[in-house]
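Given next are the chains, with one letter for each unit.
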Amino acid sequence: MANLNIDSVKSRTFDAIVIGSGMSGGWAAKELTGKGLKTLVLERGRDVKHLKDYPTTNLYPWEFPHHGVIPTEVQEANPIVNRCYAFGEDAAHFFVKDKEHPYVQEKPFDWIRGYQVGGKSLLWARQTQRWSDFDFEGPARDGFAVDWPIRYSDLAPWYSYVEKFAGISGNRDGIAELPDGEFLPAFPLNAVEDYFSKHVKKSYQNRHVISARCAHLSKPNPIHLEQGRGQCQERNLCQRGCPFGGYFSANSSTIPWALKSGLCTLRPFSVVESIIYDEKLGKATGVRIIDTNTKQAIEYFADVIFVNAAALNTNLVLLNSTSNRFPNGLGNDSGVLGKYVAFHNYSAHISAEYDGFKEWTTDGRNPAGGGYIPRFRNVYKQETNFLRGYAAGFSAYRRGTDNSDGIGQTLKDNLAKKELGNWGVGSHMMGETIPKESNYVTLDKSQKDQWGVPLLKISVDYDDNDEKMKKDYIEQMTEMFTSAGFKNIRAESDHRAPGLDIHEMGGVRMGNDPKTSMLDKWNRLHACKNVYVTDGASMTSTSCQNPSLTYMAMTARSVDHAVSEMKKGNI
Ligand SMILES: Cc1cc2nc3c(=O)[nH]c(=O)nc-3n(C[C@H](O)[C@H](O)[C@H](O)COP(=O)(O)OP(=O)(O)OC[C@H]3O[C@@H](n4cnc5c(N)ncnc54)[C@H](O)[C@@H]3O)c2cc1C
Ligand code: SF4
């Protein structure tokens, strides 16, 4: 039996429990403690302390045993995570390795994870755009999913709230489909990015190339300094963990802020196995964890529970939380738990050359990554043969040419004689996929992990809509590149499995109707009012903007609601 010979129930009782300490869990912890609640944060992975636990952050390239490259045997042992562009020698320690945490792929799905305090907030590319009413009204307009129970106006003040604390760089671009936020100065576009931006503005209606909006302290405000963070130095080594706190991560910002309150208990090495539901009380009373070091099962109790384990793990925890009242997973009266999983489609890209602007070059160090092309398809009206749309990245760079002709001194001279070539330009597609019942996750009936928790089985695939959208991206970008005078255009589709975009969402979707959705407009379970889900699992549809800023804003909003409900005695 659990809980023998361990702390008393009282010492295991808190006002609130947060499951997961990453991007969204960090916000839950900060907000709950900020409102005076004694909060337990449970994290399955190890602790990663800001500054102290970034072992590679100050290494020079030649100080890495393999000069930054992952050794072949490690690549071969990790075919899934190895496909992630950020899985290099400098950041590999923040990624889950394939064998350590298996899952079942009913269809190929590259599930990229970071199991540690901070979760994937240590690894993200920090692209942060608000979603707009075009996104929140999309399902109602197109009928491809249930209607969102909220609109942009519900979230706008909370976007402002989290942006001010996290620190987001950007310009006020005045684009309805990409609402402006509370920005720190933007990182400027380079000469060719700026040229393309002006060309697109001149040549196309409703198409824009703007400076990418990014969670970097381009010019910190006092609230950022109070967090112990400083100005971004444009080192572009962010995935190692930043010693300046130049980019937003849970480790540098929300988690230490929560701990500073004195109200937060952070418990790493704690896999949440399930949420405990009390049928007499008609609510959740706590969670059951497995300590990953001792394999001991322990129960913790609280009035309110925030589930922030990242979209698919949140599905897993709820599916595994069964009781007489909820035999198919906590709150799953509708039967939709685990279904309508959707993601982003990053599987097309295009590159080219530009032979102008030879008088300019760049040191290549823009931590925001260059430009961003907001969605321009099907925004104001349905104009294509596919639903929804795509955004795109855009960047330009100039590299030295390599001449390895000759031998001996000639070779040395040639190698030393670097010349700058043409500018290269590139873009990648970021498409919205449509939530469908046939894209789902379930628990495997027989296989369990090393802590006795069933393995997650993932059955998620592309569809015809994705193919049509991809074709359109390639056509439109080719046309835009051609009209800008770019040469040697090469458009490619890379046939990657879903998941590699690392923006998986859904399974615990929001909606007005408890018969077709899991969560109400405050992100709490329709059928279990003291459990909130505020990570990507709660997304009804996926927009094509990056998702993490929206998870953060929703989390802050939901905590505000939970605490006011608690004060009213409703929780
Ligand atoms: C390389 C890369 C680039 C990215 N770029 C961007 C970007 O530019 N913009 C953007 O918006 N997003 C980006 N993302 C995605 C972004 O990181 C995620 O959207 C975000 O971190 C999700 O927040 P979360 O709180 O849901 O999950 P996470 O940040 O992953 O945190 C979840 C935490 O829960 C813990 N956990 C899981 N299961 C359990 C359990 N059973 N018990 C206890 N703890 C548990 C995990 O260990 C983890 O720490 C990127 C991700 C990666 C890896
Ligand atoms: S670019 Fe900025 S945030 Fe990234 S590592 Fe450098 S200083 Fe830190």
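The following paragraphs examine the structure supplied in this document. (Residues numbered from 1 in each chain as written. Chains lettered and ligands numbered in written order. Predicted model: local features only at pLDDT ≥ 70, side-chain atom pairs only at ≥ 80, totals over all residues. Heavy atoms only, no water.)

### A few points about the site of ligand 2
- Taken together, 13 residues sit near ligand 2, with Cys 232, Gln 233, Arg 235, Cys 238 and Cys 242 positioned nearest.
- Residues belonging to the shell around ligand 2 are distributed by class as follows: seven nonpolar, four polar and two charged. (Near = heavy atom within 4 Å. Nonpolar A, V, L, I, M, F, W, Y, C, P; charged D, E, K, R; others polar.)

### Notes on the nonpolar core
- Core analysis: the largest hydrophobic core is formed by 100 residues, its most contacted members being Ile 19, Ile 275 and Val 287.
- Considering every element that reaches this core, the biggest residue donor is helix α5 (residues 152-166), with eight residues.
- Beyond its immediate stretch of four places on either side in the chain, Ile 275 contacts Ile 19, Ala 284, Gly 286, Val 287, Ile 305, Val 307, Val 317, Leu 318, Ser 321, Leu 330 and Val 531.
- In this structure, Phe 386, Val 425, Ala 484 and Phe 486 belong to the second largest nonpolar core, which totals 26 residues. (Core = buried A, V, L, I, M, F, W, Y, C linked by side-chain atoms within 4.5 Å. Buried < 20%, exposed > 50% of the residue type's maximum accessible area, 1.4 Å probe, protein only. Helix = DSSP H or I, 4+ residues; strand = E, 2+ residues; numbered from the N terminus. Contact = heavy atoms within 4.5 Å.)

### A short note on the sheet that holds strand β18 (residues 454-459)
- Here three strands make up an open sheet; going across it, the order is β3-β18-β17 and the pairing mixed. Of all strands in the sheet, those bounded by a partner on one side alone are β3 (104-105) and β17 (440-448).
- Two strands pair when backbone bridges link them, and β3 and β18 are joined in this way by two bridges, in the parallel orientation. Bridge pairing links Val 104 to Lys 457 in β18.
- Each of β17 and β18 is contacted by helix α9 (residues 311-319), which is oriented at about 60 degrees to β17, the strand it contacts most. (Pairing = 2+ DSSP bridges. Axes fitted to C-alpha atoms, helices over the stretch in contact; angles between N-to-C directions.)

### Looking at the packing of aromatic side chains
- This model, assessed by the stated rule, comprises 32 aromatic pairs.
- Ring geometry for Tyr 54 versus Phe 94: centroids 6.5 Å apart, planes at 90 degrees, classification edge-to-face. Of this pair, Tyr 54 sits in the loop between β2 (39-42) and α2 (72-77) while Phe 94 sits in the loop between α2 and β3, and the two are 40 residues apart along the sequence. Comparing Tyr 54 with Phe 94, the two get one shared label, buried.
- By the ring-pair criterion, three or more aromatic residues cluster together here, those being Trp 27, Trp 124, Trp 158, Tyr 161, Phe 165, Phe 248 and Trp 257.
- Looking at Arg 113, its charged tip hangs above the ring of Trp 111, at a distance of 4.1 Å from the centre.
- When the ring centre of Tyr 340 is taken as reference, the NZ or CZ atom of Arg 509 above it lies at 3.8 Å. (Phe/Tyr/Trp six-rings, centres within 6.5 Å; stacked < 30°, edge-to-face > 60°. Lys NZ or Arg CZ within 6 Å of the ring centre and 35° of its normal.)

### Observations regarding the side chain of His 503
- On the secondary structure map, His 503 appears in the loop between β19 (487-493) and β20 (505-507).
- Given the relative accessible area of 11%, His 503 is considered buried.
- Only 2.9 Å separates the side chain of His 503 from the side chain of His 344, close enough to count as a polar contact.
- Discounting residues that sit within four places of it in the chain, His 503 has contacts with Ala 342, Phe 343, His 344, Tyr 346, Asn 546 and Pro 547. (Polar contact = N/O pair within 3.5 Å; in protein donor to acceptor, adjacent residues only side chain to side chain.)

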